[in-house]
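Reading the structure
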Amino acid sequence: MTPPPSAPEGGWTRTYLLASGRLLPWIVLRALAQVALVLLLARGLGAEVYGRFVAVLAVASFLTPLAGLGAPGVVLRETSRASPNAAGLLRAAVRLWACTLLVLVPLGATGVLLALPRTAPAAAVVVFLLAEIGGTSLVEIVARHEQGRGRASRYGALQVGLIGVRLGALLLLWVLAVRSRLAWWMGAYASATVVYALALVVRALGLSSRAPRVSSVTLAGRAWPFAAGTVAQRVQTEFNKPVLAAVSFAAVAELNVAQRAVDVVALPLVALQETLWPHLYRRGTRDTELRRALGVLVSCALLAAVLLRLVLAPLLPLIFGSSFAASARLVGFLAALPLLQLGRNAAHAAAAAAGRMHTIGLAAAAGAAGGVVGTLLLVPRMGLLGAAAALYAAELLVVSVHLGVLLGQRRARRSSPS
């Protein structure tokens, strides 16, 4: 495999920004499609039945990053570097994905049927979990392969396509007036996901049919820190909701609105990051152009903080109603969160580029533990403000661990005899 064509050194920043600009519309379209999907589900199922759907989806969301044990991260890194084993890694990732799926689906189904026994029929739960955990993660593997090949727009398009086929399947049920039948809606959602994911992976594997074989066991050993990082991030952002629910269900809604507001404003920042990581893996960290790109990212994060605090926060009560005044205050408090998330993502990517995979696992574990402990300690005392403070604490812990390891390694190199 030949590496993606590179721009002349002086024009690299412009090329990078243009690539980010091509990815951004897909990220925005994905967000809009996700909003449409949520609205359709809520209207088609009704509040009570939709709550059951969300409960099963929440279980799947915690298990999805474990499908493939973080293989998409390795596929992205090695494909970005034009590794001769990149195509073989794709096939190994699919084999590893299949093995983990055999464990994750029964585990998730057991959890749902024991904790939420009357949520949905058992068969519908199993099929839904198989599609959500397996299909979403399979699309992620293929999409990261495309991203690593320098095709940022195709990466975004594949992600949008997954939501699009789900939306189309559910729209068909809406047109057919199949309302409030959870098993039917779960089945349509699952069927669209499975068909789309399998079509993508069959095509991708067909293009890499002559690739050298790569051991799935070896891949698992290199990939698990990526999975740890993703799961830890999910714990950091979602664990606060069940804890906050013990204080107030209204507070959960207010926190969710505030987090989604931060996510929307941070969309350009996401596009810039997703375009940068393949370059970071390919070129390393000692590069003037990469440092300049990181400067652009930091500037965008600071701009996002200003927009969140001064523009969006005052608008939330006008958009959602006066009952969400607490969300406006919370958005102002969370305005600096995108900057810390950028620090966490950049630290993870730099560690992966340098081969310090154990640091990613250590930092992710510290962040998850800090988020859980912070939430348990602060939410009962401070409510919404405590949940927000725990988010900051978790991100700061992740970055601190990375900095601590890096400084320790530099100190060791200086003290070692030359």
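Notes on the structure in this doc start here.

Rules of the game
Residues numbered from 1 in each chain as written. Predicted model: local features only at pLDDT ≥ 70, side-chain atom pairs only at ≥ 80, totals over all residues. Heavy atoms only, no water. Helix = DSSP H or I, 4+ residues; strand = E, 2+ residues; numbered from the N terminus. Buried < 20%, exposed > 50% of the residue type's maximum accessible area, 1.4 Å probe, protein only. Contact = heavy atoms within 4.5 Å. Areas by Shrake-Rupley, 256 points an atom, 1.4 Å probe, with all protein chains shown as cover. Core = buried A, V, L, I, M, F, W, Y, C linked by side-chain atoms within 4.5 Å. Phe/Tyr/Trp six-rings, centres within 6.5 Å; stacked < 30°, edge-to-face > 60°. Axes fitted to C-alpha atoms, helices over the stretch in contact; angles between N-to-C directions. Parallel < 35°, antiparallel > 145°, perpendicular 65-115°, else oblique. Nonpolar A, V, L, I, M, F, W, Y, C, P; charged D, E, K, R; others polar.

All right, on to the overall build of the protein then. In terms of helices and strands, the protein carries 15 helices and zero strands. Considering the protein as a whole, with its 418 residues, one finds that 50% of them fall into the buried category. The contacts of the protein with a sequence gap of at least 6 include a subset with a gap of at least 24, amounting to 82%. By element, 68% of the accessible surface of the protein is carried by carbon and sulfur atoms, the whole surface being about 19100 Å².

Before going further, it helps to examine the nonpolar core. The biggest cluster of nonpolar side chains holds 87 residues, and the ones touching the most others in it are Phe 53 and Leu 170. Top contributing element to this core by residue count: helix 1 (residues 12–63), with 13 residues. Aside from chain neighbours lying at most four places away, what touches Phe 53 is Leu 41, Leu 45, Phe 128, Leu 182, Met 186 and Tyr 189.

Before going further, it helps to spend a moment on the packing of aromatic side chains. This model, assessed by the stated rule, comprises two aromatic pairs. Here Phe 333 and Tyr 392 contribute two aromatic rings whose centre-to-centre distance is 5.6 Å and whose plane-to-plane angle is 90°, an arrangement assigned as edge-to-face. Note that Phe 333 is positioned in helix 12 (residues 325–333) and Tyr 392 in helix 15 (residues 384–415), a separation of 59 residues in sequence. For Phe 333, a relative accessible area of 35% gives the class partly exposed.

Our focus in this paragraph is the environment of Arg 43. Inspection of the secondary structure puts Arg 43 in helix 1. Through-space distance from the C-alpha of Arg 43 to that of Trp 174 is 9.4 Å; in sequence the pair is 131 residues apart.

Right, let's talk about the packing of helix 2 (residues 71–80) against helix 7 (residues 216–238) for a bit. At their nearest, the axes of helix 2 and helix 7 sit 7 Å apart, and the two run at 105° to each other. Classified by the interaxial angle, the pair formed by helix 2 and helix 7 is roughly perpendicular. Of the residues in helix 7, those in contact with Ala 71, Gly 73, Val 74, Arg 77 and Glu 78 of helix 2 are Leu 219, Arg 222, Ala 223 and Phe 226. Its residues assigned to classes, the contact of helix 2 with helix 7 shows five nonpolar, one polar and three charged.

Function-wise, these values are silent; they only describe arrangement.
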